[in-house]
Structure formats: structure tokens, C-alpha cells
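A look at the structure
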Amino acid sequence: MSSFTYALIAVFCGIVWLFWKAFGHIFVKSPLDNIPGPPRESFLYGSLKQMLDRHAWPLYTHLTDSYPGIVRLAGPLGHRILYVFDPVALHSIIVKDQYVFEEAAFFIKSNKMNFGPGLLATLGDHHRKQRKMLNPVFSIAHMRRMVPIFHEVTHKLQQGIEARVAGRDGPVELDMLNWMSRTALELIGQSGLGYSFDPLVADSADEFGTAIKEFQPTISQLQLLRRFIPYIPDIGTPWLRSKIAGLIPNKTVQKLKMIVDTMHERAVAIYEEKKRMLESGDEALKQKVGEGKDLMSILLRANMEASEEDKLPEEELTAQVATFIFAAMDTTSTALAITLSLLAEHPDVQEKLRKEILEASPNGEDLAYDTLVSLPYLDAVCRETLRLHSPVTTVFRETRKDAVLPLSEPIIGVDGSKISEVLVPKDTTVVVGILSCNRNKAIWGEDALEWKPERWLNNLPGSVTEAKIPGIYSNLMTFLGGGRACIGFKFSQLEMKVVLCQLLSKFTLAPSKKPVVWNLSGIRFPSVGGDIKASLPMMVSLYKGNAD
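Everything numeric in this text was worked out from a predicted model, so none of it was measured.

With that settled, the discussion passes to the overall build of the protein chain. A count of helices and strands for the protein chain gives 22 helices and 12 strands. Looking at the protein chain as a whole, 53% of its 548 residues are labelled buried. Within the protein chain, contacts between residues separated by at least 24 positions form 74% of all contacts whose residues are at least 6 apart in sequence. Of the roughly 24600 Å² of accessible surface on the protein chain, 58% is carried by carbon and sulfur atoms.

Below is the structure:
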């Protein structure tokens, strides 16, 4: 045969291999085929497009109520997706076999593109090394030191809102998501980075804060496109890839690029300033916001003292700045916005919580750490909100090799057989149903879909404790668990409690007449009507029982 014939055979074999790689799963029977699930929406997208829609709440309610903790869903081009909220199976996914069920490739690569090689963009030993360095930064001892900074910032929040509602005849409509975002940014700025973004008392928009706030609504419009990121080769340097991205003729992509560039530039500037201050000595740090007690200063000192093996390179330290800010600002501001919205809708709960706060601080003094964490109704309101309305609805995992998922109880397969464990083939997409586990009636009871803070004031049902949910926090999956659990969940809890105490001691909240819609995204966000812009209008007035 001629060389041309050999070339044709090689090309043909290559095409066959690519076809089999892309579509071979369609012709091969999978053990997942026996798991019950809804019919596919389309061959091209499967159920993925429906899952990622910002109005997909009914789908997740249907999955939670209609299936026993594990569901087969259709993925794009005939692929299979496993949706899991069975607590025993979840323990295998996020704890026991967490390095088999790794973060999805699209999640890791897109986070690296957006934030750099920080904690949200690394896997395996690389991730463990970063986490080992960061864990001590979020200790209880350090959280205690943060409380005075938290109070200082939230006093400015009080002043800013009071300036807008004092002297008015009635309640004033304010965008409370905007106020919570500004506050969360300033709290992570001062306590986390020793940096002030926003004085809060004036309407001085910070470009960086605006970029962070717009990130989630923007990327929610690119959810399907994100799934193709793993197939894009890393061409050249980050600078070159950024220039190539700038040529993509899509307005949403260009807006995301602008947001990412803004975040990166500010993160580099903050890191460089912090490094200069540390090199100048403790006296220089004492002149800055946070006086050198912020989390980033602690991290940089620890990194300087670490062995060469444990040290993090500058690129990763800079990435932690953007990661810290995004993770702390977006999730906590959302959780606070949800809580305020619920309190506005339930004035009896709002008044009961206000009474507890005012009794703990009869003279208006700031509450100490031990008091904050010991207020039972405040804790119950926070827990119940994070159970029923977790800011993150799902996370995606991918199996690195074949694995077996045990189940809490046997399920009935499509063929009528009993299934007590599920063989999950390599390269399967597994979706962890955070919200479904938190709302599972088999665990939480028939009132699982009701917001009832009182459920936390008594002993939880035996079904909750016996389920052994593998979450790091309060029998909930809200902050995940295992090696990829939210490292800052104690910081988030403390922030929520300080902000709620300061707001409820001074103001009353009521719903706006505008139709607020909560949008499903990587982190949920509210908007008005059909608008994609994040916003939560609420009616705010001074608390009449306030001595002031």
C-alpha cells in the first residue's frame, strides 16, 4: 500500500476513535440505566439545560419529592448524569471517596481562569497543601479577634441606612442586597485583607465591589458555555489567552472578561501593598486597616515562616485574595439577603428575634463573641435559613475511576429489582443535591419545606441524627463536608449574626410591593420581575422602640 493509503487509514481510524469517544456511551449499556429518572428533554442537551435554567426550582422540587435520594438524569449527547441526595451515598462522594469524586473539570478550569490558582481552582495534593496553610487562619481564636472589626463596620452600615430613613413619614424602599453586598465586601476587606473598600456611610461605588456583585448574574448566562471550557487548550501565556478572550464576539463574555480583569488587578494591588507593609515591619502594619490582625497578614506571615515544601508561590497567594473576597462576599451577602427577606415576610419572627437581641444588649452595647454564638433564636433563624434556602443549590463532581455508591435504603430499579448500591463508571458526572438533602422530607419531616426556626430550639427528629448527613455544619449540606468543605463557614456564621443584631436593633423590615424573583445560579441571587440585574428592594424604617 502507498503512504497515501496509510494516511487515509490513519485519518479514518482517528475519526472512528473520536466518534467512539464522543458517542460510544450511547451504544454501551451502563449500570446507571437501571436507576429511575425523568425522561430527557433533548438529545443535544439532555436535562442539563433545564437544570441550569435560572427558574429551575420546580425541577429540583420534583427530584427531591419524587425520587429516593438518587436519580438518573440525561446529560448532553446521550451522556448520563447521577443526581444524589441520599446521605450515605453523599458520605462516599464528599468524604470517604472524595478523591475519586473530584470537582468537575469545568468548575476547576473556569475558576482558575476567573480567580487564578486559588483554593477553588486546585485539586488533590495541590489543594491539600493550600488548605493546610489556610486552615489555621480561620480558627476560632482568630474569629474572636475579628468581632471588634465586624462591629465597627456594621455601625457604619447602621449610619448609612439611618441617613436614608430618618425623618421620613413612613418606610423607605432600599435595595438591601446592595447594602448586604457592600457590607460583606467591607467586612472581608477589613478583617480578611486589612483593606477598606467602602465607607458605607456614603454612596461611593467601588469598582471592585461592583465587579464582584455582577459576577454571578453574568456567569449565570454562560452556564452551558462553561461546560466546554475543559476542551479549550491552554494556548500560550495567561496574557495571550486574555487577549484571545477579548476577541470573542459575545457581549456577556466581554462583560465577564471585564469583571475578571478588574478582580485580578485589584487582587494584585492588595497583595503587593500587604507584602510591602509586612516587609516594613509591624509598626507599618499597625497604621493600616486591621492593624495587621487581618487574615491575609496572618497567612503571609505563616507563609514566610513555612518550610520551602509548604510555601505557597506568589501567584497562588494573589489568587487567594480574589477567592477570599468572592467566596466571602457573594455567599454571605446572599444568605443575609435571604434572611432579611424572610424576616420581612414573617414579622412575628422578626419581633421575637429583635426582642432576644435587645435583651442581650439592654444598653445598646456591642455583643461579645460568646454572647453572639449563644443566642438561641438568632442561631435558629440562621440555621433554618441556611437549611431551606442554601445559597448554593448543587455542586458537580466527576468520577476519576469506577466507584460504588452505597445507599441508605434499597431502591427499586427500572427492571423491578432491588438496588442497595450503585456502580458508577469512570467519567460520570455526579451532581450533589445540596438543597435536596436539606429539604428531604424523609429526613426533615413533612414540614421540610416550611421555614420554621423553632425546629432548632428542641431536639431534632431522630431521622435527622440517624441520617448522619456528612455536612460540616449542623446536619446540613449547605457548607459541604470533607476536604472541600467551606473553609470560611465560621467566618460566615459570625458575620451573619453581627449584621442581623445591628440591623434589627435599629430598623424594622417589610416586603416591597415589587415582585422579587430568586434566580438559580452557582450562587442564587434575587432580581425584580424578569430583570437579570441582582436586586432586593425592601421597605425599611427606624424601630420605634429604639431609645434614639
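Further remarks concern unusual backbone geometry. Of note, Leu77 is a non-glycine position whose phi angle comes to about 55°, a positive value. Secondary-structure assignment places Leu77 in the loop between strand S1 (70-74) and strand S2 (80-84). Judged by relative accessible area, which is 31%, Leu77 ranks as partly exposed. The backbone of Lys468 shows a phi angle near 50°, a positive value even though the residue is not glycine.

Moving on: the pattern of salt bridges. Within the structure shown, the criterion is met by 22 salt bridges. The residue Glu314 makes a salt bridge to Lys275 at a minimum N-O spacing of 2.7 Å. Here Glu314, found in helix H15 (residues 314-345), pairs with Lys275, found in helix H12 (residues 251-280); they are 39 residues apart in sequence, far enough to count as distant. Here Asp447 ties to Arg455 by a salt bridge, and the two come within 3.3 Å at their closest N and O atoms. Through salt bridges with shared partners, a single ionic network connects Glu384, Arg387, Asp447, Lys452 and Arg455.

Moving on: the packing of aromatic side chains. Under the definition given, this model contains 13 aromatic pairs. A centroid spacing of 5.2 Å and a plane angle of 85° characterise the contact between Tyr473 and Phe479, whose relative ring orientation is edge-to-face. Phe479 shares its class with Tyr473; the two are buried. Taken together, the ring pairs connect Tyr60, Tyr83 and Phe85 into an aromatic cluster. Over the ring of Tyr377 we find Lys352; its NZ or CZ atom is 4.4 Å from the centre of that ring.

For the rest of this paragraph, the subject is the sheet that holds strand S3 (residues 101-103). The strands that make up a sheet are held in pairs by hydrogen bonds between backbone atoms, and each pair lies either parallel or antiparallel. Read across the sheet, five strands follow the order S1-S2-S8-S5-S3 without closing on themselves; strand pairing throughout is mixed. Every interior strand has two partners, whereas the edge strands, S1 and S3, have only one. Here the strands of the sheet are splayed against their neighbours by 35° on average, with no regard to which way each runs. Bridge analysis of S2 against strand S8 (residues 429-433) gives four bridges, and the strand direction is parallel. Bridging from a neighbouring strand, Val84 pairs with Val432 of S8. Taken strand by strand, helix H4 (residues 87-96) contacts S2, S3, strand S5 (394-399) and S8, and its axis lies near 115° from that of S8.

Moving on, we come to H12. In this model H12 runs 44 Å from its N-terminal to its C-terminal C-alpha over 30 residues, within 8% of the 44 Å that 1.5 Å per residue would give. By the N-cap criterion, in which a side-chain oxygen at the helix start approaches the backbone nitrogen of a residue two or three places on, H12 is capped by Asn250, the distance to Thr252 being 2.9 Å.

This part takes up the environment of Glu273. Along the chain, the position of Glu273 falls in helix H12. Considered as a pair, Glu273 and Tyr195 are 78 residues apart in the sequence and their alpha carbons are 9.6 Å apart.

Before going further, it helps to spend a moment on the sheet that holds strand S4 (residues 172-175). Read across the sheet, three strands follow the order S4-S12-S9 without closing on themselves; strand pairing throughout is antiparallel. The open sheet has two edge strands with one neighbour each: S4 and strand S9 (507-511). Averaged over all adjacent pairs, the angle separating strand axes in this sheet is 40°, with direction ignored. Pairing of S9 with strand S12 (residues 537-542), which is carried by five bridges, proceeds in the antiparallel orientation.

Take the packing of helix H6 (residues 124-134) against H15 next. In the contact formed by H6 and H15, the axes pass within 13 Å of each other and the chain directions differ by 70°. Compared by their axis directions, H6 and H15 come out roughly perpendicular. Across the interface between the two elements, His126, Gln130 and Leu134 from H6 touch Glu316, Gln320 and Phe324 from H15. By residue class, the composition of the contact of H6 with H15 is two nonpolar, three polar and one charged.

Each value, and the rule that gives it
Residues numbered from 1 in each chain as written. Predicted model: local features only at pLDDT ≥ 70, side-chain atom pairs only at ≥ 80, totals over all residues. Heavy atoms only, no water. Helix = DSSP H or I, 4+ residues; strand = E, 2+ residues; numbered from the N terminus. Buried < 20%, exposed > 50% of the residue type's maximum accessible area, 1.4 Å probe, protein only. Contact = heavy atoms within 4.5 Å. Areas by Shrake-Rupley, 256 points an atom, 1.4 Å probe, with all protein chains shown as cover. Salt bridge = Lys/Arg side-chain N within 4 Å of Asp/Glu carboxyl O. Phe/Tyr/Trp six-rings, centres within 6.5 Å; stacked < 30°, edge-to-face > 60°. Lys NZ or Arg CZ within 6 Å of the ring centre and 35° of its normal. Pairing = 2+ DSSP bridges. Axes fitted to C-alpha atoms, helices over the stretch in contact; angles between N-to-C directions. Expected span 1.5 Å × (residues − 1). Polar contact = N/O pair within 3.5 Å; in protein donor to acceptor, adjacent residues only side chain to side chain. Parallel < 35°, antiparallel > 145°, perpendicular 65-115°, else oblique. Nonpolar A, V, L, I, M, F, W, Y, C, P; charged D, E, K, R; others polar.

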